[in-house]
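Overview (structure and organization)
The primary structure of each chain is shown beneath.
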Amino acid sequence: MNFFRISNAALLSCLLPLGSGCSVEAGDSDTEASDLIGRVPGSSISSPNAKAGKTYLTVRRIDSLQAVGALEGVAGTLAARVDGIIANQPADGRFSIQELLQIEKPGFIETLFPEEKVALSKLWQLLETTNANPSVVAGGTQTPFAAVDISVGPGLIKPVNIAIPSLPIGLQESARRLELTHDADATPSTVMEADLAAAIATPGPYTLAEIEQFRQVQILFLERAGTTLAAKVNVPLPLVSAVTMQTWGSAKLVLTQSVAYTETRTKNARRFSGNRDAAVTVSVEAHRVYKPEIQLGPNQKLLVIDETTEAERTSDTAPLDFPAGGTVTVEIWSGGVRLGSHRAKLPALPFKDERIDLSSYADYQFVAGGNALSRNVVSAAVRYDNGFAASSAHFVYEVASTPIPPGADASALTTLSTPTGNVHAGRYEITVPSVGACQVDLYPEGVVRFSRPGGASTRSRLYMWNQVNQHDLGFPDRLRAIWNPAANYIKVFFDGARMLLEAPLTGALRTG
């Protein structure tokens, strides 16, 4: 369908007494976007149906008016005829002041039935609008979503001292002997690193076995050290907010914003087969909604005319979507009767419903507003089907902690949980033959990361191997590492080739 638009100036030149023979060529296009839908005072329109004290829109869409119940029966068929007669071609699904003036001319008005002539006044009434200047609606700014990794690197936090009774039995006697001559904290029941270093530096009074035991106690300071290592991500607060931006009679323009964080874990394993290849799939996402809407009364409908683009929309749920903002005419209708007409200059109000994949932050501590969010259980279940056990669990990240809901299957939560093992969190450095010095980071939150020489690193995925949760880490060149947290054992190898390293992670390997 071919469209052309008529400028207000060109239209006003046509508002002359009936039969004047006014015509407007398609080349008379307007130069200002704000004039796409014109507003004309009734006093300038030479029609028996136009009222001097009213203001009129230059054009209206027929389908929009039908949607709000304003064009039924004779008025509806007349609007289609006004748009469709040959003199008003091309038909564009709208009727305008120009087209109504054309149908009212001699030679045209006679083609209407009496009831259609009566209905002409109805079409003119539907062109009536407010003469008010648009009110300026402020606000509507949407903050860009940002997930910022605020993880903390590795660093040892060694204990100040170790209580001698907490040492392995075989080390306690030599430690008590040490305290007879080296006691930096003046407490015979504890041993400090300074005590051990002093004795090792002057070994003469001690046996070789005692010096070796002092070195074993030194390693305990590494094994029992805390770590600064932390996996954290900063995100916007989870929230649901609604702000009233403007009120038009019984209608309100409300901006609703919400941010929610959810996590889903699943595993589908064959029963009684050792669960060898049953991967645990973890998905974390942010669901963000930015929703400008008109809140209406019962049985009311909204009609919005974008004066910049001429786009129109009608709805009884009244969502809005104006990515660029601009001036609009807002009408509230009920039962085909217009309850009010308003103008507003809107800021950009795009409707957005977006989901943001945050799976790379699985097992991270989510932080919002300076506080850690709680990962609350929504549901957990195990379903058995044809020899398979399908476990699933759903979580939500919230400001406050909530108890596990009744009916959540504890076995599913255990199966799908990220194992942390029985070794202290921190950084461990291992030397892998033919590869070099590699690092294994065991985060307190459960994240496991493997780094090779040069800094390239990969984090783990979870799967089941002989009924024990494993961490599987791999590089594109098929260098792989598998850490078994239950046995505290790491294996490093090229997939399909010989084993390069098979060893436990011990305190002596800790560097952070």
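Quantities reported herein were computed from a predicted structural model and do not represent experimental measurements.

Turning to the packing of aromatic side chains, a few remarks are in order. Counted under the stated rule, the structure contains seven aromatic pairs. Taken together through their ring pairs, the aromatic side chains of F145, Y261, F366 and Y397 make up a single cluster. The ring of F322 carries R313 above its face, with NZ or CZ at 4.3 Å from the centroid. The lysine or arginine in question, R452, covers the ring of F475, its NZ or CZ lying 4.9 Å from the ring centre.

Within helix 7 (residues 193–201) the residues assigned to the buried category are D195, L196, A199 and I200. Considered in projection along helix 7, the buried side chains sweep an arc of 125 degrees and stay on one side of the axis. Contacts from the buried residues of helix 7 go to helix 6 (169–181), strand 10 (190–191) and helix 8 (208–223).

Here E312 lies in strand 17 (residues 312–315). Despite its burial, E312 remains without a salt bridge, the nearest opposite charge being carried by R60 at 4.9 Å. From its side chain, E312 meets the backbone nitrogen of R61 in a polar contact 3.5 Å long. A distance of 2.9 Å separates polar atoms of two side chains, one belonging to E312 and the other to S64. Aside from chain neighbours lying at most four places away, what touches E312 is R60, R61, S64, L303, V304 and I305.

Turning our attention to the environment of V68. As for its placement among the helices and strands, V68 is situated in the loop between helix 2 (62–67) and helix 3 (74–84). In this structure V68 comes out as buried when scored by relative accessible area, which is 4%. Expressed as a C-alpha distance, the spacing of V68 and I332, which sit 264 residues apart in the sequence, is 9.0 Å. Once residues within four sequence positions are removed from consideration, V68 is found in contact with K301, L302, L303, T314, W333 and G336.

Each pair of packed helices gets described by two things: the angle between the helix axes and the distance between those axes. Helix 5 (residues 114–127) packs onto helix 3 with a crossing angle of 85 degrees between their chain directions and a minimal axis gap of 9 Å. Relative to helix 5, helix 3 is oriented roughly perpendicular. Across the interface between the two elements, V74, A75, L78, A79 and V82 from helix 3 touch E115, E116, A119, L120, K122 and L123 from helix 5. Of the residues belonging to the contact of helix 3 with helix 5, the class tally is eight nonpolar, no polar and three charged.

About the criteria used
Residues numbered from 1 in each chain as written. Predicted model: local features only at pLDDT ≥ 70, side-chain atom pairs only at ≥ 80, totals over all residues. Heavy atoms only, no water. Phe/Tyr/Trp six-rings, centres within 6.5 Å; stacked < 30°, edge-to-face > 60°. Lys NZ or Arg CZ within 6 Å of the ring centre and 35° of its normal. Buried < 20%, exposed > 50% of the residue type's maximum accessible area, 1.4 Å probe, protein only. Helix = DSSP H or I, 4+ residues; strand = E, 2+ residues; numbered from the N terminus. Arc of directions from axis to C-beta. Contact = heavy atoms within 4.5 Å. Lys, Arg positive; Asp, Glu negative; His and termini not counted. Salt bridge = Lys/Arg side-chain N within 4 Å of Asp/Glu carboxyl O. Polar contact = N/O pair within 3.5 Å; in protein donor to acceptor, adjacent residues only side chain to side chain. Axes fitted to C-alpha atoms, helices over the stretch in contact; angles between N-to-C directions. Parallel < 35°, antiparallel > 145°, perpendicular 65-115°, else oblique. Nonpolar A, V, L, I, M, F, W, Y, C, P; charged D, E, K, R; others polar.

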